[in-house]
Amino acid sequence: MPLTHEATSKFVQAGPLKLHYHEAGRGPVVIMIHGGGPGAGGWSNYRRNVDAFAEHFRVILPDLPGFAQSDKPKIEGGIFAFLSKAIRDLMDALDIPRASFVGNSLGGGTTLQFALDNPDRAERLVLMGAAGGLPIFTPQPTEGIKHLLSYYEPPGPSLEKLRAFLNVMVYDGSQLTDELIKERFAASTQPDLLANPILSRSRPVAIEPLWQKLASVKHKTLIIWGRDDRTVTLDGAFIMLNQMQDVRLHVFGKCGHWAQWEKAPEFNRLVIDFLSAKE
């Protein structure tokens, strides 16, 4: 039977924060970290992947602080350092000494920061449309980032604003169901989140220039991008490919910012093979 949100849902006290996460499977640990869009969460981002990965790994899908069912604190200092510490505290609470990571967008930047902060606790890295690069050809902010930063601005969130944002996230918007949009809208309009949104134009957070430290990342890394990503554009991958020490790049055509969702079967095979390889 397919895994369900309810059956895999758990909470843990991780340092000062109560974090929600999903857990399934047995074996080497893989932590899959979601992006930063409205209504994002571990299950929302990786619902098309968790069944396949749980056949090979112990899969952990955390809700980052500020998202879904986890605590929603005020970010102090740089956002990636803050989130990296939360992931380390989660691993400590779950008695996980080392793990491989899959990170999308904000989760990709968090993965990079974690590998820099805790190199001995990270195995292999998979970065999808990851923050932390340096786009050199695309005007900034991108179309997707403009939608993200304006979502909580007056007159506030709406189904129309969310639908417009999600249409930018993917290449083929026909896959976006009303059920998915309503689910993410409910997650994005929780009272504690409305009072303290993590990413918005009126409440800017410090975003560290991770691209300056990419050469220090020694972990075996797979970079995945959608050619048609309008949020974190493909040119952001090139400095990663140039600077990181043990790296390879896979690009999907007809694919936006959610490679793990739009290209799920091929993505699952590609990443499982990369994480399982002995060499």
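Scoring rules and cut-offs
Residues numbered from 1 in each chain as written. Predicted model: local features only at pLDDT ≥ 70, side-chain atom pairs only at ≥ 80, totals over all residues. Heavy atoms only, no water. Buried < 20%, exposed > 50% of the residue type's maximum accessible area, 1.4 Å probe, protein only. Helix = DSSP H or I, 4+ residues; strand = E, 2+ residues; numbered from the N terminus. Pairing = 2+ DSSP bridges. Right-handed = clockwise from strand over helix to strand, strands pointing away. Contact = heavy atoms within 4.5 Å. Salt bridge = Lys/Arg side-chain N within 4 Å of Asp/Glu carboxyl O.

A.B. asks: Give a description of the pairing of strand 7 (residues 221-226) that names residues and reports values.
C.D. replies: With 6 of 6 residues buried, strand 7 lies mostly within the body of the structure. Of the two faces of strand 7, the one lined by T221, I223 and W225 and the one lined by L222, I224 and G226 are each fully buried. By the bridge criterion, 4 bridges tie strand 6 (residues 122-128) to strand 7 in an arrangement that is parallel. By the bridge assignment for strand 7, M128 is matched with I224. Once the chain exits strand 7 it traverses helix 10 (residues 237-243) before rejoining the sheet at strand 8 (residues 247-252), and the crossover so formed is right-handed.

A.B. asks: Please give an account of the environment of E160 that cites residues and values.
C.D. replies: Relative to the assigned elements, E160 resides in helix 7 (residues 159-169). In this structure, the C-alpha to C-alpha distance between E160 and I181, residues 21 residues apart in sequence, is 9.6 Å.

A.B. asks: If you had to explain the environment of L134 to someone new, which residues and values would you point to?
C.D. replies: Mapped onto the fold, L134 is located in the loop between strand 6 and helix 6 (143-150). A relative accessible area of 29% places L134 in the partly exposed class. Residues L134 and S174 lie 40 residues apart in sequence; the distance between their C-alpha atoms is 31 Å. Residues within four places of L134 in sequence aside, it is in contact with W211, D235, G236 and I239.

A.B. asks: Outline the pairing of strand 1 (residues 9-14), supporting the account with residue identities and numerical values.
C.D. replies: In terms of strand pairing, strand 1 meets strand 2 (residues 17-24) through 6 bridges, oriented antiparallel. When the sheet's bridge partners are listed, Q13 is paired in strand 2 with K18. Between strand 1 and strand 2, which pair antiparallel and follow one another directly, the connecting turn spans 2 residues, one of which, G15, has a positive phi of 60°.

A.B. asks: How would you explain the pattern of salt bridges if you had to name every residue and give the values?
C.D. replies: Applying the stated criterion to the full structure yields 12 salt bridges. When the shortest N-O distance is used, the salt bridge between K10 and E23 registers 3.3 Å. Here E23 lies in strand 2 and K10 lies in strand 1, a separation of 13 residues in the sequence. Take E23: its relative accessible area is 17%, and that puts it in the buried class. Salt-bridge contacts for D246 lead to R248; the nearest nitrogen and oxygen are separated by 3.2 Å. Here the salt bridges do not stand alone but share partners, grouping K10, E23 and R58 into one network.

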